[in-house]
Amino acid sequence: MPTRDDVLRELGLSPRWRLRDRARDDDIDTDPRRARIASLACDELVADIDACRACALGATRTCSVPGVGVQGAPWMFVGEAPGADEDAQGEPFVGAAGRLLDNMLAALGLSRERDVFIANVLKCRPPGNRAPEPAEADACRPYLDRQIELVGPTLIVALGKSAACTLLGVDAPVGSLRRRVHRYGATPLVVTYHPAYLLRTPADKAKAWEDLLFARNALREALTQAGKPAMPSGAGACAPRPQAA
Ligand code: URA
């Protein structure tokens, strides 16, 4: 008689993936903070992130960086953590990596004001732009999960290893996760390189462009399967704070 893990492995779902997922579901019942965050509305979530001291980063940040974009957007892009520019302005991807991301969006005919929601694994800047500590990513995780639920994207694009591994519950290089449609719950998820990595490694920009075209196809397929129009416009702005004039 095959065990549950045997069946999951046969289906391409590693036991680790499932166990983490199940642990998260259990947490919603048992962890009061997670349960409270899971019930917050968009503006309440922003205020909660602003007041958060669940890890030490809350004490060293200038601004929290909840995320920006359109609630109901078909596309959701998830990066790693705010850098210096984002920490100063309270908006994700506004520095050099952000300009590259905007250009990539424009090449797809997308704009951050109209078509996408952009968030990070961490909502506060790690000092010196170091990679997120696992405990920091865990502390911020309820916010990301709730954002994804509120935005309800048709497709998630994980930008870089931190986002991909956090959302998929795996530990693998970006190169091995590209060119496949993964799942975050029921939502299709595609992995590509982080724009900051592409600035350091311009030779891989062509691969990132392939990934975005792959993502666009995955999104179109998901819309067709859901019986939705080809490119719905988002509904209801969900900006974290008033946009700079
Ligand atoms: N890098 C990220 O991962 N996120 C940002 O918001 C900016 C740079």
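As a reminder, the structure under discussion sits directly above these lines.
Residues numbered from 1 in each chain as written. Predicted model: local features only at pLDDT ≥ 70, side-chain atom pairs only at ≥ 80, totals over all residues.

Caption draft 1: Region of interest: the site of the ligand. Around the ligand, the surrounding shell consists of Gly79, Glu80, Ala81, Pro82, Gly83, Glu86, Pro92, Phe93, Ala97, Asn120 and Ala196. Of the residues assigned to the shell around the ligand, the class counts are 6 nonpolar, 3 polar and 2 charged. (Near = placed C-beta within 6 Å. Nonpolar A, V, L, I, M, F, W, Y, C, P; charged D, E, K, R; others polar.)

Caption draft 2: Broad picture of helix 12 (residues 205–225). Spanning 21 residues, helix 12 covers 30 Å between terminal C-alpha atoms, matching the ideal 30 Å at 1.5 Å per step. Within helix 12, burial applies to Ala208, Asp211, Ala215 and Leu219. Looking straight down helix 12, one finds its buried side chains confined to an arc of 80°; they lie on one side. Residues of helix 12 that are exposed and angled more than 90 degrees away from the buried face: Ala206, Leu213 and Thr224. Contacts from the buried residues of helix 12 go to strand 2 (75–79), strand 4 (155–159), strand 6 (187–192) and helix 11 (195–200). In the segment just after helix 12, Gly227 is the residue with positive phi, at about 70°. (Helix = DSSP H or I, 4+ residues; strand = E, 2+ residues; numbered from the N terminus. Expected span 1.5 Å × (residues − 1). Buried ≥ 20, exposed ≤ 12 C-beta atoms within 10 Å, placed from the backbone. Arc of directions from axis to C-beta. Contact = placed C-beta atoms within 7 Å.)

Caption draft 3: Here's a closer look at helix 7 (residues 96–107). If you check helix 7, its first and last C-alpha atoms are 17 Å apart, about what 12 residues at 1.5 Å a residue would give, namely 16 Å. Buried within helix 7 we find Ala97, Gly98, Leu101, Met104 and Leu105. For helix 7, the buried positions fall inside an angular range of 115° around the axis, keeping them on one side. Opposite the packed face of helix 7, turned more than 90 degrees from it, sit the exposed residues Asn103, Ala106 and Ala107. Buried residues along helix 7 sit in contact with strand 3 (116–120), helix 11 and helix 12. A positive backbone phi angle near 80° is found at Gly109, which sits one or two residues after helix 7.

Caption draft 4: Structural context of the pairing of strand 6. As judged from the 4 bridges shared by strand 4 and strand 6, these two strands associate in the parallel manner. The residue of strand 6 that forms the bridge with Ile156 is Leu189. Relative to strand 6, strand 5 (residues 182–184) runs antiparallel, the two sharing 3 bridges. From the neighbouring strand, Arg183 faces strand 6, where its bridge partner is Pro188. (Pairing = 2+ DSSP bridges.)

Caption draft 5: Structural detail: unusual backbone geometry. Of note in this structure, Phe93 is not a glycine but carries a positive phi near 55°. Inspection of the secondary structure puts Phe93 in the loop between helix 6 (84–89) and helix 7. The exposure class assigned to Phe93 is buried, which follows from the 28 C-beta atoms found within 10 Å. Even without being glycine, Arg179 reaches a positive phi, approximately 60°. Within the secondary structure, Arg179 sits in the loop between helix 10 (174–177) and strand 5.

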